[in-house]
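Chain by chain, the residues:
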Amino acid sequence: MNVTRGFTGRPRANNAGLPPGQYDAGDDWPVLSAEVTPDLAPADWTFRVDGLVAEERTWSWEQAHALPASAYEGDIHCVTSWSKFGVRFGGVSLDAFLDAVRPDASATHAVAYSHSGYTTNLPLADLTGGRAWIAWEYDGKPLPAEHGGPARLIVPHLYFWKSAKWIAGLRILDHDEPGFWEQNGYHARGNPWEEQRYSGD
Amino acid sequence: MTETFVPPTRFAVPGRIAVSNRAAATWQTATLTEIRRETPHAATFRFAVPHWTGHLPGQHLMLRLRAEDGYLAQRHYSIASPPDDAGHIELTLDHVEGGEVSGWFHTVARPGDSVEVRGPLSGFFAWPGDRPALLIGAGSGVVPLMSMLRHHRARDLDVPLRLLVSARTSEALIYAREYGEETTPVFTRGAPDGVPVGRMAAAHVAPLLAEQPPGGWEAYVCGSNGFAEHVSRLLVEAGQPVDRIRIERFG
Ligand SMILES: Cc1cc2nc3c(=O)[nH]c(=O)nc-3n(C[C@H](O)[C@H](O)[C@H](O)COP(=O)(O)OP(=O)(O)OC[C@H]3O[C@@H](n4cnc5c(N)ncnc54)[C@H](O)[C@@H]3O)c2cc1C
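Since this is a predicted model, take the numbers as computed values, not measurements.

**Considering the interface of chain A and chain B**
Part 1 of the argument: Taken together, the contacts link 49 residues of chain A with 59 residues of chain B.
Part 2 of the argument: Between the two partners, chain A and chain B, sit 2 salt bridges.
Part 3 of the argument: For Arg-5 of chain A, the salt bridge is made with Asp-113 of chain B, and the minimal N-O distance between the two is 2.7 Å.
Part 4 of the argument: Our enumeration of links across chain A and chain B arrives at 15 residue pairs in polar contact (both at pLDDT 80 or more).
Part 5 of the argument: Here the element with the most residues in the side of chain A that touches chain B is strand β6 (residues 109–114) of chain A; it accounts for 3 residues.
Part 6 of the argument: Per-class residue counts for the side of chain A that touches chain B are 17 nonpolar, 21 polar and 11 charged.

Printed below as a string of structure tokens:
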């Protein structure tokens, strides 16, 4: 595209941690969800994994907290162009849940869904190997409701719409199935470093 | 392929319309043709976009500017114009203090300049004009709702439509001259003589929910996150089903 007349942009630091097209939101943490923030108490929160697994399971708040604690410390990137550096989420690695249900050899993808009814699809390979978490703490404190509390999925290497708030479960599938935003024109995978924002990118 | 998975929960609202993957992925040139002041802090920017494939009221687009050194800044903007304005789109931008993109628009842009856009995006916060619509917005959150109101008028639709708009003062009310009987403005800081000042409250929402049209309202809420949280709670408390509230948050 041509240069926009008279547009210089802000002075910018050379920041290797910033994927293309993103800016550093600093201390801001914008809220972007299309639904009403649900009123969900920890005692009513559950997390279920079903579909193509050897053993379907549902964890209560207490049962999930009994699993080995695991934290993510690093950056997050939202498709609306902001990134946030050095955030810290506490919870449990998703591997701990998946190991318990044993996905079938034919399993390739998952649909993550929330207690509100939001859905998002992910390749199983993006959820395993220490790359995804169920998180209930932000910066050492309980995760605020508008950011997905009591618990949300965290998949920090993908755009943040994949990190479903108010996570309720994962359905394990042998095919890819578009979720809420993916049916609304967003990319199926959403890798920020490849700028996979919209379908066709 | 096995059947589509529907989660066992309440907000399983699918998109209203399918978004064109090609339109969502293709950047095109938009040429600025006109700038109209709306309020001291907001102006409408009219563009010629010859290959625009059309949009539904409520949809937004992605816009980008490019600097000499290749740096790109991109932001989302709601489309203010109705779909029937063929080959043209209008955006209304608030001048955000220190804002990179809105700052360029408000201090540098002039007719003849061009930018790039892709879209329309999101079929979720879209209203084809088919269901009774209860629209609630604050500040520049009124932009996608105005596209709906203009569409309703341009097509002379008789499906019920009501608009509640919140602004700090009457001077800050975007599109003030265009509202009619369907609209109730709410002023939070300063109002003309005789008009009460205060936050949007249950008393504003309750009468609208009491006069439910057949089939009930589809509610569209747009504004800052604080406003969206506040109003969506008012709606739920007044009995609006959560799966019939669509929210667009500008951050
Ligand atoms: C779906 C959607 C639709 C929208 N529709 C509209 C619309 O119709 N009209 C409208 O006006 N807006 C709309 N917005 C908001 C819009 O996308 C922009 O966020 C807004 O215009 C501000 O962009 P900016 O580049 O001017 O400001 P930015 O440069 O992004 O700045 C925003 C704030 O952050 C601060 N800031 C950010 N980065 C830095 C930095 N590196 N250094 C210092 N300060 C920084 C700025 O000082 C400022 O206070 C919409 C947003 C969404 C998500």
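**Things to note about the nonpolar core**
All names here are of chain A.
Part 1 of the argument: In terms of nonpolar packing, the biggest core is built from 44 residues, with Trp-45, Phe-47, Leu-94, Leu-127, Ile-134 and Leu-170 touching the most fellow members.
Part 2 of the argument: Those elements giving two or more residues to this core turn out to be β2 (46–51), α1 (61–65), α2 (94–101), β6, β8 (133–138) and β11 (167–173).
Part 3 of the argument: With 4 residues, α2 is the largest single contributor of residues to this core.
Part 4 of the argument: Contacts of Trp-45, omitting those with residues within four sequence positions, involve Leu-40, Trp-59, Ser-60, Trp-61, Ala-64, His-115, Ile-134, Trp-136, Pro-150, Ala-151 and Ile-167.

**Quick look at the sheet that holds β2 of chain A**
Residues and elements named next belong to chain A.
Part 1 of the argument: The mixed open sheet is built from 5 strands, whose spatial order is β3-β2-β11-β6-β7. The open sheet has two edge strands with one neighbour each: β3 (57–60) and β7 (119–123). In this sheet, adjacent strand axes meet at a mean angle of 15° when their direction is disregarded.
Part 2 of the argument: As paired strands, β2 and β3 are joined by 4 bridges and run antiparallel to one another.

Rules of the game
Residues numbered from 1 in each chain as written. Chains lettered and ligands numbered in written order. Predicted model: local features only at pLDDT ≥ 70, side-chain atom pairs only at ≥ 80, totals over all residues. Heavy atoms only, no water. Contact = heavy atoms within 4.5 Å. Salt bridge = Lys/Arg side-chain N within 4 Å of Asp/Glu carboxyl O. Polar contact = N/O pair within 3.5 Å; in protein donor to acceptor, adjacent residues only side chain to side chain. Helix = DSSP H or I, 4+ residues; strand = E, 2+ residues; numbered from the N terminus. Nonpolar A, V, L, I, M, F, W, Y, C, P; charged D, E, K, R; others polar. Core = buried A, V, L, I, M, F, W, Y, C linked by side-chain atoms within 4.5 Å. Buried < 20%, exposed > 50% of the residue type's maximum accessible area, 1.4 Å probe, protein only. Pairing = 2+ DSSP bridges. Axes fitted to C-alpha atoms, helices over the stretch in contact; angles between N-to-C directions.

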